[in-house]
Amino acid sequence: MKTELLHGTLEVMILKTLSWGPMHGYGVGRWIEQQGGDALQIDEGSLYPALYRMERKGWVESEWGVSEKHRRAKYYTLTPAGRQALRANASTWGNFAAAVGRVLNAKTAPARA
């Protein structure tokens, strides 16, 4: 699978997560995993580079705060540009997922040349 597609998939999931409100990085990863059931595992080696990329793109902003466990944590917030990116990327990704689904669920064999 193309790296761009993988990055884009993680980014759109992060954008969706942050659409609910500010959250620290660890919480973002755990929420995505919870929503995806056993199918999704987000490791820190993918999550934090994605958050940093998105911050450079202007899609998220961050600031230091204190977590529920009274530890210092960086909290991420969606920017207006991030909300726009969420709308655009969710639509693109949804169309792509639907197309893959049609191929995988096809009931007719390809025509022979």
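Placed above this text is the structure.
What counts as what
Residues numbered from 1 in each chain as written. Predicted model: local features only at pLDDT ≥ 70, side-chain atom pairs only at ≥ 80, totals over all residues. Heavy atoms only, no water. Pairing = 2+ DSSP bridges. Helix = DSSP H or I, 4+ residues; strand = E, 2+ residues; numbered from the N terminus. Patch = residues over 30% accessible without salt bridge, like charges linked within 9 Å, V, L, I, M, F, W, Y side chains within 5 Å. Areas by Shrake-Rupley, 256 points an atom, 1.4 Å probe, with all protein chains shown as cover. Salt bridge = Lys/Arg side-chain N within 4 Å of Asp/Glu carboxyl O. Core = buried A, V, L, I, M, F, W, Y, C linked by side-chain atoms within 4.5 Å. Buried < 20%, exposed > 50% of the residue type's maximum accessible area, 1.4 Å probe, protein only. 1 Å grid on protein atoms, 1.4 Å probe; cavity = no way out; pocket = protein on both sides within 12 Å on 5 of 7 lines; lining within 4 Å. Points joined across faces, edges and corners; volume = space filled by probe spheres on them. Nonpolar A, V, L, I, M, F, W, Y, C, P; charged D, E, K, R; others polar.

Asks: I'd like to hear about the sheet that holds strand β1 (residues 23–24), residue by residue, with values.
Replies: The strand order β1-β3-β2 describes an open sheet built from three strands, whose pairing is antiparallel. Two strands close off the open sheet at either side, each with one partner strand: β1 and β2 (60–66). Pairing geometry for β2 and strand β3 (residues 72–78), over seven bridges, is antiparallel. Within β3, the position partnered with Trp64 by the bridge is Lys74.

Asks: Explain a nonpolar patch on the surface to me, using residue names and the numbers behind them.
Replies: Nonpolar side chains collect at one region of the surface, where Trp93, Phe96, Val100, Val103 and Leu104 lie side by side and expose about 490 Å² of accessible area between them. Along the chain, Phe96 falls in helix α4 (residues 80–104).

Asks: Now, about the nonpolar core: what can you tell me, with residues and values included?
Replies: If you look at the biggest cluster of nonpolar residues, it comprises 19 residues, and the most contacted ones within it are Ile14, Leu15, Leu18, Val28, Leu47, Met54 and Val60. Of all the secondary structure elements, the ones that give two or more residues to this core are α1 (3–18), α2 (25–36), α3 (44–56), β3 and α4. Looking at this core, the element that brings in the most residues is α1, giving five residues.

Asks: Tell me about the layout of surface pockets, and please be specific about residues and values.
Replies: By volume, the largest pocket amounts to about 300 Å³. For the largest pocket, the lining is made up of 15 residues, of which His24, Tyr26, Ser67, Arg72 and Ala73 are closest to its centre. Across the lining of the largest pocket, the residue classes tally to five nonpolar, four polar and six charged.

Asks: Quick one: what's the story with the environment of Gly36, residue by residue and with numbers?
Replies: Secondary-structure assignment places Gly36 in helix α2. Taking the C-alpha atoms as reference points, Gly36 and Ala106, 70 residues apart in sequence, are found 25 Å from one another.

The analysis is restricted to geometry; functional conclusions fall outside its scope.
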